[in-house]
Structure formats: C-alpha cells, structure tokens
Amino acid sequence: MPVKKKPLVVVTRKLPDSIETRMRELFDARLNLDDQPMTPEQLMEAVRTADILVSTVTDEITGNVLKQPDCKVKLIAQFGNGVDNIDVVAAHERGITVTNTPNVLTEDTADMTMALILAVPRRFIEGAAMLTAGGDWPGWSPTWMLGRRLGGKRLGIIGMGRIGQAVARRARAFGLQIHYHNRKPVAPKIADELGATYWDSLDQMLARMDIISVNCPHTPATFHLLSARRLKLIRRDAYVVNTARGTVIDEDTLTRLIEAGEIAGAALDVFEHEPAVNPRLVRLAKAGKVVLLPHMGSATIEGRVEMGEKVIINIRTFLDAHKPPDRVLPNML
C-alpha cells in the first residue's frame, strides 16, 4: 500500500526547537534555520511550491504574492496574533485559508506593558544606564533621579480587549485609576471588577490621562489613531506606552512633541517603520526621555511554544478537512 505523501509546509522563520521537530515528524517541513526574513521573491516562490505557509509578522504577504496564476498554497498558518502583514481579502478570494494564534500572548504582553508603565515615570532604564554605561554615580541624594509616583495616577487604555483588560488588572494593583476607550463598553461585570471608566470620546480621554497605553490591534481604522491632532491633546506631564503596533501612533509627531517638552516621555516596544527605528527616538532614549525595546512584548519561551502548538493544531485540522479553530475571515478585521 503506497504511503500517503506528506504536505509541504514552508516555515518562514526559526521557531522553537520542539515545534520544528514536531513539524518535521508530521509534515514535509522546510525550515528556515538561518532565521533570515524571506524576500518578496522567496515568498512568491514559497506560495508557488508549498501546500501550507507558516508565516510571521515579518512576512509581507500581499495581494500580488497571492494572485500569481501558479499559486499553490492552500493555508497560511500565521505564527502570531496579528495578521496585518497578510492580505486576508486576497487570500479569501483565492480560496486560501488564513489562521492565527490568538489568546496566547495576553499575559506576556500585559506583563511587558506594565513593566513599561513602571519604567518611564520611575526612570528605571536611565538609572540602570548610570551604573552600566560608565557613568560616575555620586551616591544617594534626596533630589537625584526623581521620577513620578504611580499610585493615584490615571491610566487611559486604548483598546479594552483581552490584553487591555489584563493590563488594567495589573495597573489597578499598583493604585492606578483605570480609564479606557473602546469601540463599545466592556460588560458591566468587568467594568465593576476593574473600576474602569469608559470614554466614548478618545479625544476627551487623552486630555485627562497621566499615562496612555496603546493596546488595540492594527486595522485600517486604527492606523494613526493617535494622529498629530490627537497627540497634541495629551498633557505635557503625561507618558505614552505602546506594545501594540507602531502604526497606531503618528511616530514623527510623537517624537517631535517629546523633543519639544510637550509630552513628558514614551515607552515603545513597536515602531511605525519596524525594524527601522527613528534616530531621533534613539537620541531621546539616550537622553532618558523614552524607553525603547525591540518588539519583546510576547517574547517568552512558554508563549512561543504555545503559539507553535496552535499553528500545528490549525494545520492538522485543516488537513483533516475540518474548519481550523483559529480561522481569520475578512469580516473579522
């Protein structure tokens, strides 16, 4: 009896060893051991040869990539929650299924967000650099390296989904007052638990907060949600934290306002033109005005393994001719 041929699965980036090993066991998996992002030409070749593409946020899977007449791929199994790098509409029109890995990184991202909420007002990175960057620390002084107390401050969360709510729970434990803007209010039970105040008007919320935390997904509607006009509403002594997507904020305007002292500072784990980082932001970081991290919000071993396990489940379910549990449709975006 002939052995059934395994489907060809092209994996665009290096994944945890345990996940890659399991993929090799289950599929004809072509791995990216060098972990170099694929070029557009390599992606086009991948969709022409693979049955399944395991993509990541660094892969720009555009309509042009998917609309090739000899496109063979039937499933794009995204290793990640966001799918803004994939033209989901074009995929749907071609009969290509798209999946992602939701509900895995909530706690990891919320942990990082809370760390940044702490780091900026309390000047953690600036203080650490004094000891590690060759600075001459004169010793403790009553007026040296003074930051801002968190307790009693108002935190405005933009996007009150799973991550936003997880951030709110952490922030409330630190004595922050929780405010939020969302497409619609959360359930009354959740609002009561968090002591959260809902703002239908983002403009009004921004003008009243001490710290702004961006936790909404990237969609066409959230591109530059914090526009130049809205950024100018933020108070001079307020801070902006972003662990969502860089494109939600007009980065040039944010940089200019911090340089001018019209916003106190920012902590950014994501950037508008990632992986490029604005040199002006780097200068502000060196001056202690901003904290910059290289997209580390979800970077835990446990989280990455769980993401990989979800990818495998989505692939196996698809190959069994069932609806994958994490399918993404255009009307969901």
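How each quantity is defined
Residues numbered from 1 in each chain as written. Predicted model: local features only at pLDDT ≥ 70, side-chain atom pairs only at ≥ 80, totals over all residues. Heavy atoms only, no water. Phe/Tyr/Trp six-rings, centres within 6.5 Å; stacked < 30°, edge-to-face > 60°. Helix = DSSP H or I, 4+ residues; strand = E, 2+ residues; numbered from the N terminus. Buried < 20%, exposed > 50% of the residue type's maximum accessible area, 1.4 Å probe, protein only. Domains from an automatic or database assignment. Contact = heavy atoms within 4.5 Å. Buried area = accessible area lost by both parts, 1.4 Å probe. Salt bridge = Lys/Arg side-chain N within 4 Å of Asp/Glu carboxyl O. Pairing = 2+ DSSP bridges. Polar contact = N/O pair within 3.5 Å; in protein donor to acceptor, adjacent residues only side chain to side chain. Axes fitted to C-alpha atoms, helices over the stretch in contact; angles between N-to-C directions.

**Topic: the packing of aromatic side chains**
Remark: the centre distance and the inter-plane angle together describe each pair of aromatic rings, the angle taken between the planes.
Now for step 1: This model, assessed by the stated rule, comprises 1 aromatic pair.
Now for step 2: Look at tyrosine 180 and tyrosine 198: their rings are 5.2 Å apart centre to centre, the planes differ by 50°, and that puts the pair in the tilted class. Remark: tyrosine 198 occurs in strand 8 (residues 197-198) and tyrosine 180 occurs in strand 7 (residues 177-181); sequence separation between them is 18 residues.
Now for step 3: For tyrosine 180, a relative accessible area of 1% corresponds to the buried category.

**Some thoughts on the domain arrangement of the chain**
Now for step 1: You can read the domains of the chain as domain 1 (8-100 + 301-332) and domain 2 (105-292).
Now for step 2: Computed from C-alpha coordinates alone, the two centres of domain 1 and domain 2 are separated by 32 Å.
Now for step 3: Of the residues lining the interface, 5 residues belong to domain 1; the matching set on domain 2 comes to 4 residues.
Now for step 4: Taken over both partners, the interface formed by domain 1 and domain 2 buries close to 390 Å², and the fraction arising from carbon and sulfur atoms is 60%.
Now for step 5: Area buried by domain 1 at its contact with domain 2 is led by Asp84, Gly303 and Met307, which between them contribute 67% of it.
Now for step 6: On the surface where domain 1 and domain 2 come into contact, there are 1 salt bridge.
Now for step 7: A salt bridge links aspartate 84 to arginine 245; the nearest nitrogen and oxygen atoms lie 3.4 Å apart.

**Comments concerning the pairing of strand 9 (residues 211-214)**
Now for step 1: The alternating pattern of strand 9 places Ile211 and Ser213 on one face and Ile212 and Val214 on the opposite face, and all of these are buried.
Now for step 2: Of the strand pairs in this sheet, strand 6 (residues 154-158) and strand 9 are connected by 4 bridges, and their pairing is parallel. Bridge assignment links glycine 156 to a residue of strand 9, and that residue is isoleucine 212.

**Let's talk about helix 12 (residues 279-286)**
Now for step 1: For helix 12, the N-terminal capping position is held by asparagine 278, with its side-chain oxygen 2.8 Å away from the main-chain nitrogen of arginine 280.
Now for step 2: Remark: glycine 288 follows helix 12 within two positions and exhibits a positive phi of approximately 80°.

**Considerations on the pattern of salt bridges**
Now for step 1: Counted under the stated rule, the structure contains 18 salt bridges.
Now for step 2: Residue aspartate 70 is joined to arginine 48 by a salt bridge in which the shortest nitrogen-to-oxygen separation is 3.9 Å. Pair noted here: aspartate 70 is in the loop between helix 3 (63-66) and strand 4 (75-78) and arginine 48 is in helix 2 (residues 40-49), with a separation of 22 residues, a long-range link.
Now for step 3: With a relative accessible area of 28%, arginine 48 lands in the partly exposed category.
Now for step 4: Across the salt bridge formed by arginine 230 and aspartate 203, the nearest N and O atoms sit 2.7 Å from each other. Of this pair, arginine 230 sits in helix 10 (residues 228-231) while aspartate 203 is found in helix 9 (residues 202-206), placing the two residues 27 residues apart along the sequence.
Now for step 5: On the basis of relative accessible area, aspartate 203 is assigned to the partly exposed category, the value being 22%.
Now for step 6: Sharing partners across several salt bridges, the network here consists of Lys14, Asp17 and Glu20.

**Some thoughts on the environment of asparagine 242**
Now for step 1: Among the secondary structure elements, asparagine 242 is positioned in strand 10 (residues 239-242).
Now for step 2: The class for asparagine 242 is buried, based on a relative accessible area of 1%.
Now for step 3: Taking the C-alpha atoms as reference points, asparagine 242 and leucine 33, 209 residues apart in sequence, are found 31 Å from one another.
Now for step 4: Beyond its immediate sequence surroundings of up to four residues, asparagine 242 is in contact with Val214, Ile249, Ala267, Leu268, Asp269 and Val270.
Now for step 5: One polar contact links the side chain of asparagine 242 to the main-chain amide nitrogen of alanine 244, over a distance of 2.9 Å.

**Some thoughts on the sheet that holds strand 8**
Now for step 1: The strand order across the open sheet formed by 7 strands is 8-7-6-9-10-11-12, and the pairing between neighbours is parallel. Strands with a single pairing partner mark the edges of an open sheet, and in this sheet they are strand 8 and strand 12 (290-292).
Now for step 2: As paired elements, strand 9 and strand 10 share 4 bridges and run parallel to each other. From the neighbouring strand, serine 213 faces strand 10, where its bridge partner is valine 241.
Now for step 3: Lying on the sheet, helix 11 (residues 251-259) is in contact with strand 10, strand 11 (265-268) and strand 12; it crosses strand 11 at an angle near 140°.

**Section: the side chain of threonine 255**
Now for step 1: With respect to the helices and strands, the residue threonine 255 is situated in helix 11.
Now for step 2: Given the relative accessible area of 0%, threonine 255 is considered buried.

**Things to note about unusual backbone geometry**
Generally, phi is negative for residues other than glycine and the peptide bonds are trans, each holding for most cases.
Now for step 1: Residue proline 275 is reached from glutamate 274 by a cis peptide bond, and omega for that bond is 10°.
Now for step 2: Here proline 275 lies in the loop between strand 11 and helix 12.
Now for step 3: Positive phi, normally seen in glycine, also occurs at aspartate 35, with a value near 60°.
Now for step 4: The residue aspartate 35 is located in the loop between strand 2 (28-30) and helix 2 in this model.
Now for step 5: Of note, histidine 224 is a non-glycine position whose phi angle comes to about 50°, a positive value.
Now for step 6: Secondary-structure assignment places histidine 224 in the loop between strand 9 and helix 10.

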